[in-house]
Amino acid sequence: MRVHHDQLELRTKGKGLYEITDDVHAKIDRCGVRNGTVTVFVQHTSCSLLIMENADPTACDDLEAFFDRLVPEDADYFTHGSEGNDDMPSHIRMALTRTSEIVPIVDGKMQLGTWQGVFLFEHRRATHRRKILITIMGEM
Amino acid sequence: MRVHHDQLELRTKGKGLYEITDDVHAKIDRCGVRNGTVTVFVQHTSCSLLIMENADPTACDDLEAFFDRLVPEDADYFTHGSEGNDDMPSHIRMALTRTSEIVPIVDGKMQLGTWQGVFLFEHRRATHRRKILITIMGEM
Amino acid sequence: MRVHHDQLELRTKGKGLYEITDDVHAKIDRCGVRNGTVTVFVQHTSCSLLIMENADPTACDDLEAFFDRLVPEDADYFTHGSEGNDDMPSHIRMALTRTSEIVPIVDGKMQLGTWQGVFLFEHRRATHRRKILITIMGEM
């Protein structure tokens, strides 16, 4: 049984879902754990994680359209606006989705379902450099 | 320290919460881990997981009524509709709840609070066969 | 590789976010694990967990204001009301946020980002005693 830490850095260019499934798989391959779990953790509060359908891009588009309507940028009761009017909505969208996910690893493979992909969900308009921690625990 | 993988298959019959607490407990009993964690992971993007009150069924009914209102099936801005008008809402309800949960195991028992139960949250109307992975990590 | 269980008890005084980052750090320090993960699990269905910005308190205020609007206490379709009109909304706010979180530990430190803090999110108005389980897994 061992623990292996790694990290991904991702440059985002505006709001939306960025798939990182292959990057996580590559980290698992490299560390050699065959049997255990992978924890994905995003070190930010203005973006988040989501395991989402990765077959049809219109599903991601509609998801983003829903969040744009649910958490409007111009809510008149927001007081935390010093970092731009997409900042407070970004924290709320993060709170409604996930900061950490944990996925089983069997025979060296992350056990996602057929249509599942791991995504970083960016909630800010400007370009950002995002850091995602990958912790793999298990047996070689 | 060891890792034990198992799975549950569940046949759902329409939208709603399906309790799986006893099934998860049975998997823990069978593998013999006394001290560690259990990870529950659902391999789909049109249903999700939730740890919810399991004492009064009206709490689950009201939760479902809330989600029906929050994510309406007839939103005119959805473009991903080829699999039926409950498909896109199912991905959004999944995104708003959980794909993975991790619960401590002490003395062979999952440490849920008095009123907590583990549920599969089905978001599709038609019958579906759902696969849930159970990973138990810890000491015998 | 070892497993260490601990718990926090927190007395909440009404709705809002209560930071527990330092308490979780203290548990990690005490158990001596240098390399692994910490799982935080809340044993209730009327409060939840959130990893949120801890620098500017107005961000937390706005988040709470958003949830007050998203899940109103006087929804006329709620039937589960015997424990007060803040009870059913508390379960829904819990469902929309998190029950468990898992954070990597490297060199004995929880790997939160610069602005991240771990919070208990209380959804009830009355005073409550809340129990949070901390499971630390890894190498000394």
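A brief report on the enclosed structure follows. (Residues numbered from 1 in each chain as written. Chains lettered and ligands numbered in written order. Predicted model: local features only at pLDDT ≥ 70, side-chain atom pairs only at ≥ 80, totals over all residues. Heavy atoms only, no water.)

Let us look at the relation of the copies chain A and chain B. Mapping chain A onto chain B is achieved by rotating through 120° and translating by 0.0 Å along the same axis, at an RMSD of 0.0 Å. Given the turn and translation reported, the copies of this chain are related as if by a three-fold rotation axis. Considering only C-alpha atoms, the part of chain A nearest the rotation axis is A:Leu96, at 3.2 Å. Little of the interface of chain A is mirrored in chain B, where only 20% of its interface residues again form contacts. (Least-squares fit on C-alpha atoms with pLDDT ≥ 70 in both. Contact = heavy atoms within 4.5 Å.)

As a further point, take the relation of the copies chain C and chain A. Between chain C and chain A, the superposition needs a rotation of 120° and an axial shift of 0.0 Å, giving an RMSD of 0.0 Å. Comparing contact sets, just 20% of the residues at the interface of chain C also lie at the interface in chain A, consistent with a heterologous contact between different surfaces.

Quick look at the packing of aromatic side chains now. Within this structure, the stated rule accounts for nine aromatic pairs over all chains. Measuring from ring centre to ring centre gives 5.0 Å for A:Tyr77 and A:Phe78, while their planes differ by 65°; the resulting arrangement is edge-to-face. Each ring, one from C:Phe67 and one from C:Phe121, has its centre 5.5 Å from the other, and the planes form 90°; the classification is edge-to-face. Of this pair, C:Phe67 sits in helix 2 (residues 57-70) while C:Phe121 sits in strand 7 (residues 116-122); the two residues are 54 residues apart in sequence, bridging distant segments of the chain. Every member of this aromatic cluster is reached through a ring pair, and the members are A:Phe66, A:Phe67 and A:Phe121. Above the face of the B:Tyr77 ring, A:Arg69 is positioned so that its terminal group lies 3.7 Å from the ring centre. (Phe/Tyr/Trp six-rings, centres within 6.5 Å; stacked < 30°, edge-to-face > 60°. Helix = DSSP H or I, 4+ residues; strand = E, 2+ residues; numbered from the N terminus. Lys NZ or Arg CZ within 6 Å of the ring centre and 35° of its normal.)

On the chain B side, the residues contacting the 35 residues of chain A number 31 residues. A combined buried area of about 2,700 Å² lies between chain A and chain B, and 64% of that area is made up of carbon and sulfur atoms. Counting across the chain A and chain B interface gives zero salt bridges. Run the count over chain A and chain B and you get 15 residue pairs in polar contact (both at pLDDT 80 or more). Elements with a minimum of two residues in the side of chain A that touches chain B: strand 3 (35-42), strand 4 (47-53), helix 2 (57-70), strand 5 (100-106) and strand 8 (127-139) of chain A. Top element by residues in the side of chain A that touches chain B is helix 2 of chain A. It accounts for nine residues. A per-class count over the side of chain A that touches chain B returns 19 nonpolar, nine polar and seven charged. (Buried area = accessible area lost by both parts, 1.4 Å probe. Salt bridge = Lys/Arg side-chain N within 4 Å of Asp/Glu carboxyl O. Polar contact = N/O pair within 3.5 Å; in protein donor to acceptor, adjacent residues only side chain to side chain. Nonpolar A, V, L, I, M, F, W, Y, C, P; charged D, E, K, R; others polar.)

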